[in-house]
Amino acid sequence: EVMGIGRDFAEAFAKALAGGGMVLPSTGRAFISLREADKHGAVELAQHLIGRGFEIVATDGTAKVLADAGLACQRVNKVKEGRPHCVDMIKNNEIQLIFNTTEGKRAIEESLSIRSAAIARKVSYFTTLAGARAACMAMGQMDDIMVHRLQDLHEELAA
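Summarised in this report is the structure supplied together with it. Just so it is clear, the structure is predicted and the values come from calculations on it, not from any experiment. (Residues numbered from 1 in each chain as written. Predicted model: local features only at pLDDT ≥ 70, side-chain atom pairs only at ≥ 80, totals over all residues. Heavy atoms only, no water.)

## Looking at the packing of aromatic side chains
Definition in use: Aromatic rings from Phe, Tyr and Trp, taking only the six-membered ring of Trp, are treated as a pair when their centres fall within 6.5 Å; an angle between ring planes under 30 degrees marks them as stacked, one over 60 as edge-to-face, and anything in between as tilted. Strands are runs of DSSP state E lasting at least two residues, helices are runs of H or I lasting at least four, and both sets are numbered from the N terminus onward. Residue burial is assigned from relative accessible area. The probe radius is 1.4 Å, only protein chains are included, and a residue is buried under 20% of its type maximum, exposed over 50%, and partly exposed in between.
Under the criterion given, the structure shown has two aromatic pairs. Geometrically, the ring pair formed by Phe 9 and Phe 13 is stacked, given 5.6 Å between the ring centres and 15 degrees between the ring planes. With Phe 9 and Phe 13 both in helix H1 (residues 9-19), this residue pair falls four residues apart, about one helical turn. Measuring from ring centre to ring centre gives 5.9 Å for Phe 99 and Phe 126, while their planes differ by 70 degrees; the resulting arrangement is edge-to-face. Of this pair, Phe 99 sits in strand S4 (residues 97-100) while Phe 126 sits in strand S5 (residues 124-126), and the two are 27 residues apart along the sequence. Given a relative accessible area of 1%, Phe 99 falls into the buried group. Since its relative accessible area comes to 7%, Phe 126 is described here as buried.

## A short note on the environment of Ser 116
Locating Ser 116 in the fold gives a position in helix H5 (residues 105-121). Linking Ser 116 and Ile 90, residues 26 residues apart in sequence, is a C-alpha distance of 9.9 Å.

## Points about the environment of Ala 30
Under the convention used in this document: Residues are treated as being in contact if the distance between any of their heavy atoms lies within 4.5 Å.
As for its position among the elements, Ala 30 is in strand S1 (residues 29-33). Here the alpha-carbon distance between Ala 30 and Ala 67, two residues 37 residues apart in the chain, equals 15 Å. Aside from chain neighbours lying at most four places away, what touches Ala 30 is Leu 49, Phe 54, Glu 55, Ile 56, Val 57 and Leu 97.

## Notes on the state of the cysteines
Quick reminder of the rule: For the purposes of this analysis, a disulfide is any pair of cysteine sulfur atoms at a distance within 2.5 Å.
The tally for this structure, following the rule as stated, stands at zero disulfides. You can see Cys 73 has no disulfide; the closest cysteine sulfur is in Cys 86, sitting 13 Å from it. Taking relative accessible area as the criterion, Cys 73 reaches 27% and is therefore assigned partly exposed. Summary of cysteine pairing: Cys 136 is not part of a disulfide, and the nearest cysteine sulfur, belonging to Cys 73, is at 15 Å.

## Overview of the pairing of S4
For clarity, the cut-off: The pairing criterion for strands is at least two bridges between them, as found by DSSP.
With burial as the criterion, each face of S4 is covered, one bearing Leu 97 and Phe 99 and the other bearing Ile 98 and Asn 100. With four bridges connecting them, S1 and S4 associate as parallel partners. When the sheet's bridge partners are listed, Ala 30 is paired in S4 with Leu 97.

## Topic: the nonpolar core
Quick note on the threshold: Side-chain atoms within 4.5 Å are what join buried Ala, Val, Leu, Ile, Met, Phe, Trp, Tyr and Cys residues into a set we call a nonpolar core.
Core analysis: the biggest nonpolar cluster contains 26 residues, and Leu 24, Leu 49, Leu 66, Leu 97 and Phe 99 have the highest contact counts within it. Counting residues per element, the ones that place at least two in this core are H1, S1, helix H2 (42-51), strand S2 (55-58), helix H3 (60-68), S4 and helix H6 (129-139). The leading source of residues in this core is H6, at six residues. Those residues within four positions of Leu 66 in sequence are excluded, and the remaining contacts are Ala 42, Val 43, Ala 46, Ile 56, Ala 58, Leu 71 and Cys 73. Counting 14 residues, the second largest nonpolar core, distinct from the first, contains Val 87, Ile 90, Ala 117 and Tyr 125.

So this is what it looks like as structure tokens:
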């Protein structure tokens, strides 16, 4: 278990990720595949990542949401849709960040192969919409991480 302390949530979360050994990429290609209930957050996530210089790849449903919003996105197959698919891209080091939420037996089974490939390649992986949003916030803090004395933070809170 790790903990991060900062002047705001983004800084604290960035430190917690770093403390747990997760390195957030600063650029590259992000894979986004969100369950139906989370698709409303796809545009916000993609806009943030594109603004940071990422390219986006997404499975069919998420890619459609992004395309409808006018965002550039490459469609990629799910594992059971045939090759090449998202796990192939992870294994080929073509993906640097993953936001994948699942629902239903088939999606959960498929996410196992995605998670396994991500762990093997040390690709940062988030499985909830809240976690993906927090990761986006933390990305903005990675270059500005500061060490704080607990006494100073307590003093600021008391003031």
